[in-house]
Structure formats: structure tokens, C-alpha cells
Amino acid sequence: MGASLFRSPAFLVVLFSFISLCLLAEPALGITTRHFKFDVKLQNVTRLCHTKSIVSVNGQFPGPRIVAREGDRLLIKVVNHVQNNISLHWHGIRQLQSGWADGPAYITQCPIQTGRSYLYNFTIVGQRGTLWWHAHISWLRSTLYGPIIILPKRGVPYPFAKPYKEVPIVFGEWFNADPEAIISQALQTGGGPNVSDAYTMNGLPGPLYNCSTKDTYKLKVKPGKTYLLRLINAALNDELFFSIANHTLTVVEADAVYVKPFETETLLIAPGQTTNVLLETKSHYPSATFFMTVRPYVTGEGTFDNSSVVGILEYEKPPKVFRSTKSIKKLPLFKPILPALNDTSFATNFANKLRSLANAQFPANVPQNVDKRFFFTVGLGTRPCQGNQTCQGPNGTMFQASVNNISFVMPTKALLQAHFSGQSKGVYTPNFPTTPLISFNYTGTPPNNTMVSNGTKLVVLPFDTSVELIMQDTSILGAESHPLHLHGFNFFVVGQGFGNFDPNKDPAKFNLVDPIERNTVGVPSGGWVAIRFLADNPGVWFMHCHLEVHTSWGLKMAWIVLDGKLPNQKLLPPPADLPKC
């Protein structure tokens, strides 16, 4: 049922502070191994006056946070006590030589079946900051998610002022119905799935929703202090704006990579992305409370959850104020002004402000020379309705999504197992096209034929290949922003623009000095984005849209990176308890 004392925001802040202090007190004894137990089980939770049984980890919603330090080894035992097949992904962790622990179902592992367990075993190499974990099978990540907090190595400070406190804030979506049933029905009918009933902030919908005043996230702060807010967008299908009324935020990190600090009143965060911001509280008690508001950024033609979740920023009262003020309910309440729902100009300007630190301690190792270039179109299309049915997609068809007009067909055997064992026949083919098979005016008048093809095709890269990838949005069924996530790698966003990418003119404007480094990037609505990365991690790596509905429709593909020659350049053998299909 609802949140207990042990799930209250105040208790969690104290617990997180205690764990952080324990980590800071560790001796410098090399690699520390941290053990976690994740019991996946059903838990009754009430939101919007609606009680339902959700799939949870350890009965918590959101799930437990993982707090570790750069260089630590993590052993996370996941035990499946529910009827659903389960797999968990540690979003943004590089998984160097440990691709078996990445987690996407049927890509790096078969899912964990009912009554079975799997020990995820990986080391955090060269990363620090905010990441997150979530289910990576069907739509189970609607309730299976939680923060990953990676502190710097002991004795290494942040490249910004040390905060007074650190507070993870996770944005999500709440569905009164079962999300598994929602996507199942959509895939059967060919139409768009029903949208969520609310957005949430640390699992709470807030006072703007029916029956939810008590289910409001409150952040209590002291005047004249600096707080590090670790923001995570765990929503299934929405990019989100975030703002705190009458307060300016300083962005210092994105996707667990430090950035050149800049101030903003509002930020945009896509599903899968994380952003760390510094909140400087007012120097004196303001005798007011302030809304922290989240609402969607929308570019597509389909329906969406046009609502907002708010939390409340409250200042602790000094003793004199406490005696003279009767009730916080009588204090004035300030609300932020957010951009319009479709404000692509704000989205573009915000993305352009993000730059890597690119200094001696945190260099931006952008590949200056490129071995292989790829051009991928990403967007929506259709496929014929089965039999004599009439489906709910465009003109009686079924919605489908694709990369280079290929809608990815999920295999029934894990791709990494097939690759490692040399038994790929019948599982996948290594012939994903490097460019669209048919070129057209990608962002202009859409072609008459909107049908996509299907297949399980992969790109094969030799170890240490430097890659440049252009991802181009298409307007076949309307232009739309697509947050693309690449597993196993960080990449540098060297350029973006609107319209069709021009290979003769646009590369001259690429930023190869201090581009933002991240693991999830939005392909602009009606535009393109250019990324570069070094294929220095052997294994099979998923790439997909982090709008879950688009992934369900097939907007995904995978890369194979072959072993290098040295021992530390080879994928290690699979663990004995790797789940079997």
C-alpha cells in the first residue's frame, strides 16, 4: 500500500547521507566489492485513489538506490519471484569486458524466468556521477527502476563546490491499468497505446492529480546552502521539462559526465538521460513555498499525457520564524513558468549549451579521425494488417518504427550468446545497411510508401574502430524527437541541425573540441544529430529509442564489436548462471 515511514522522502535523504558518509570513510584499499540483493516481487501500491499490484524490487517503488564509488565491483543478485520474465539493465554503465551483465533481454542475456536468479557482476571503470537501473523487457520498467549513484574515488573532489546535501529525484509515469496489458493490446490492434494517468516525482504524483495531495514529494532545504539534485528521467514515453519556481539551477553533469557549468531556470531531460544540477537556496528564509514542476515536451502527432507533476520545495523555518508562523499552508506558493509543450527552440538552445569540461583531468577524447561512417534514418512507418483485419494504425495499417527502414525483430536466443558461441545462423545476420537502401527527402513531403521491412540485422565492427554516426529523423508519419540510447559506450555529440543532413556542408561545423559526452541523445524533431565513438568494448550492444512505444514498434538495432588482440580487449566467457532461453 502507500509509502511507509521507511519510504518517506525524509528517511531516504537521511539514509542516502548515511551511506555516502560510510563510503567517504572507506580506506583506500583498491577495488571494493559491493553486494546487493534484488528480490523482484509483487507489491500493492496506491496512487490516484487506485490500488494495484506492481512488479517491484524489494517491495519498493521506486526501487532501491545503488550507491557505489568509481572503481568498485558490484555483485547484484536478482531473484525473480513473479510470473513475468525479468532482466535488468544498468543504464550508462560501460560494462567493459562484462557485456553479459548489460541486461537487455534477448540481446546480452535470456531473461530470468520465474523462480530463477542471476548474479550481475561488473566493475565501474572510469565513471562517476548519476546513472540508473531499470527493467529491460517489455514495459516492466514502468515500475522497475532506481538510481545508481557513483561517487568519485576516495579523495577526489567534484569539479564544483561541494554540496551541502545530495538528493536523487526520479521522474516517472503512473498507469492505473497494467502497462503490460496496454502495450500488448496496442501491438495486437496496430494502434497507439493508451497514455499514462500521471507523471511522478520519486514515485509520487503530487497535488495537481485527483486524490494525491498526500502523495506529494517535498524537498526540505535550509537557507544559504548548496544542494546537488541528481535528476533522472525514468518515464516510459515522454521527454520532460523541469523547473523550480524563483530558483536558478546550475547544470554540472549529464549522463554521468561533468559539463561546463551553466545556469538555467528550466532544463529538458529525455527518457534515459540524467542531469545533475546545483540548487543554491536563498540566503534568508523566504516565507514562501515553491513548486518544482515537471511536464512533457511533445513533438509527435500522437496522443500524450498532457499533465504535470509537482513537488514542493520547503525551507526549514528558523526558530524565530517558527514561533511566529502558524502554518506553512498560509505561506504564498510560487509556480514556475515552463516552455510551451512543443518548444523545440528551447530544446535546441538547451542542448547547445551542453559542453564537456575538456580539461586535463577530464579530457574530451573525441575521435578526430573516422574509420567508418554510418547514416541511419530513424522514424515511424507502417506494416500491413494481418489477415482480413482492419487495424488502428494509419489507413487501417499497423504502426511500426525502424532504423534505415528495418524494423528490428527480437530473436528468441540472446544475440551475445549466439555471437560468442559462433552459432548465429538463424538468429541474426551481420548485414545491417550503413545507409538507407532508398534515399528520399527525409524531412520533406513524405513518400507514398510508408511500409517498413523487418529483420534481425547487426553491424559488425573490428575492435578499436572509430565510428561517426549520423541519425536523421524522418517525417514519414510526422517529424518527432527520438532519444536514442547506445549500450556499452559513451559517445560525443559533435553536431546537430534541422532539415536533411548535408554531408558536404554540415561536417565543417562539427565541434571536435568540447562536445558533450553522453549515452542517450535526442535526435531533433525534423532534424539530425551526429555522434562519434570508439568501438573499444567487445560484445553485442543494443541501440534503441528510449521512448518505449517506439522500441516496441521496432526502432532498435545492435552492434557487434569484435575482440581485440590483447587480453583486456576480449569479452570474458559467460558466467555459469547466465539465464537460458
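You'll find the structure just up there.
Residues numbered from 1 in each chain as written. Predicted model: local features only at pLDDT ≥ 70, side-chain atom pairs only at ≥ 80, totals over all residues. Heavy atoms only, no water.

### Thoughts on the overall build of the protein
Secondary structure assignment for the protein yields six helices and 33 strands. For 581 residues, the compact-globule estimate of 2.2 N^0.38 gives 25 Å, and the C-alpha radius of gyration of the protein, at 23 Å, lies within 12% of that figure. The dimensions of the protein, computed from C-alpha atoms along their principal axes, are 75 × 60 × 55 Å. Counting across all 581 residues of the protein, residues that qualify as buried make up 59%. Here the protein has roughly 23,400 Å² of accessible surface; of this, 53% comes from carbon and sulfur atoms. (Helix = DSSP H or I, 4+ residues; strand = E, 2+ residues; numbered from the N terminus. Rg over C-alpha atoms; globule rule 2.2 N^0.38 Å. Buried < 20%, exposed > 50% of the residue type's maximum accessible area, 1.4 Å probe, protein only. Areas by Shrake-Rupley, 256 points an atom, 1.4 Å probe, with all protein chains shown as cover.)

### Examining the nonpolar core
Core analysis: the largest hydrophobic core is formed by 97 residues, its most contacted members being Leu-229, Phe-376, Met-471 and Trp-559. Counting residues per element, this core draws most heavily on strand 9 (residues 165-174), which supplies five residues. Among the nonpolar cores identified, the runner-up in size contains 45 residues, and Ala-68, Tyr-120, Ile-124 and Leu-578 belong to it. (Core = buried A, V, L, I, M, F, W, Y, C linked by side-chain atoms within 4.5 Å.)

### Concerning the sheet that holds strand 33 (residues 556-561)
Strand pairing within a sheet occurs via backbone hydrogen bonds; the two strands may be parallel or antiparallel. In spatial order, the strands read 25-33-32-27-30; together these five strands make up an open sheet with mixed pairing. The open sheet is flanked by strand 25 (458-461) and strand 30 (520-523), the only strands paired with a single partner. Between one strand and the next, the sheet's axes are offset by a mean angle of 20°, whatever the strand orientation. Looking at chain direction, strand 27 (residues 482-486) and strand 32 (residues 539-545) are connected through three bridges and run antiparallel. Bridge assignment links Leu-486 to a residue of strand 32, and that residue is Met-543. (Pairing = 2+ DSSP bridges. Axes fitted to C-alpha atoms, helices over the stretch in contact; angles between N-to-C directions.)

### As for the pattern of salt bridges
On inspection of all chains with the given rule, the structure shows 13 salt bridges. In this structure, the salt-bridge partner of Arg-355 is Asp-514, at a minimum N-O distance of 3.7 Å. In this pair, Arg-355 sits in the loop between helix 4 (344-353) and strand 21 (372-383) while Asp-514 sits in the loop between strand 28 (491-498) and strand 29 (517-518), placing the two residues 159 residues apart along the sequence. For Arg-355, a relative accessible area of 30% translates into the label partly exposed. (Salt bridge = Lys/Arg side-chain N within 4 Å of Asp/Glu carboxyl O.)

### Observations regarding the packing of aromatic side chains
As enumerated under the stated definition, the model contains 36 aromatic pairs in all. Aromatic pair Phe-38 and Trp-133: ring centres 5.0 Å apart, planes at 55°, arrangement tilted. Of this pair, Phe-38 sits in strand 1 (residues 33-47) while Trp-133 sits in strand 7 (residues 129-135); the two residues are 95 residues apart in sequence, bridging distant segments of the chain. Judged by centre distance (5.4 Å) and plane angle (35°), the rings of Phe-171 and Phe-242 are tilted. Within this pair, whereas Phe-171 is found in strand 9, its partner Phe-242 is found in strand 13 (residues 239-244), the two being separated by 71 residues in sequence. With a relative accessible area of 0%, Phe-171 lands in the buried category. Judged by its relative accessible area of 0%, Phe-242 is buried. An aromatic cluster is present here, built from Phe-374, Phe-376, Phe-432, Phe-489, Phe-533, Trp-541 and Trp-559 joined pairwise through their rings. (Phe/Tyr/Trp six-rings, centres within 6.5 Å; stacked < 30°, edge-to-face > 60°.)

### Considering the sheet that holds strand 6 (residues 117-123)
In space, the four strands of this open sheet follow the order 2-1-4-6, with mixed pairing throughout. On the outer flanks of this sheet lie strand 2 (50-57) and strand 6, each paired with one strand and no other. Direction aside, neighbouring strands of the sheet carry axes that sit 25° apart on average. In the sheet, strand 4 (residues 73-80) pairs with strand 6 via seven bridges, with the strands oriented antiparallel. Directly across from Leu-74, in strand 6, lies its bridge partner Phe-122.

### What to know about the state of the cysteines
Evaluation of the coordinates by the stated rule reveals three disulfides. There is a disulfide in this structure between Cys-385 and Cys-391, and the S-S distance comes to 1.9 Å. Residues Cys-385 and Cys-391 are joined by a disulfide whose S-S torsion is about 70°; by sign, that bridge is right-handed. Sequence-ordered numbering of the bonded cysteines in the protein yields a pairing of 1-3, 2-6, 4-5. (Disulfide = S-S within 2.5 Å.)

### Quick notes on the pairing of strand 27
It is a general feature of regular strands that their side chains alternate between the two faces of the sheet. Counting buried residues along strand 27, five of its five residues qualify, which places the element largely inside the surrounding structure. Both faces of strand 27 are covered, namely the face carrying His-482, Leu-484 and Leu-486 and the face carrying Pro-483 and His-485. In the sheet, strand 27 pairs with strand 30 via four bridges, with the strands oriented antiparallel. Among the inter-strand pairings, His-482 is bridged to a residue of strand 30, identified as Val-523.

### Points about helix 2 (residues 179-189)
Considered for burial, the residues of helix 2 that qualify are Pro-179, Glu-180, Ile-182, Ile-183 and Ala-186. Around the axis of helix 2, the buried residues are gathered within 160° of arc, so they sit on the same side. Capping of helix 2 at its N-terminal end is provided by Asp-178; its side-chain oxygen lies 3.1 Å from the backbone amide nitrogen of Glu-180. With its phi angle positive at about 85°, Gly-190 sits one or two positions after the end of helix 2. (Arc of directions from axis to C-beta. Polar contact = N/O pair within 3.5 Å; in protein donor to acceptor, adjacent residues only side chain to side chain.)

Such coordinate-based values are descriptive only and should not be taken to indicate function.
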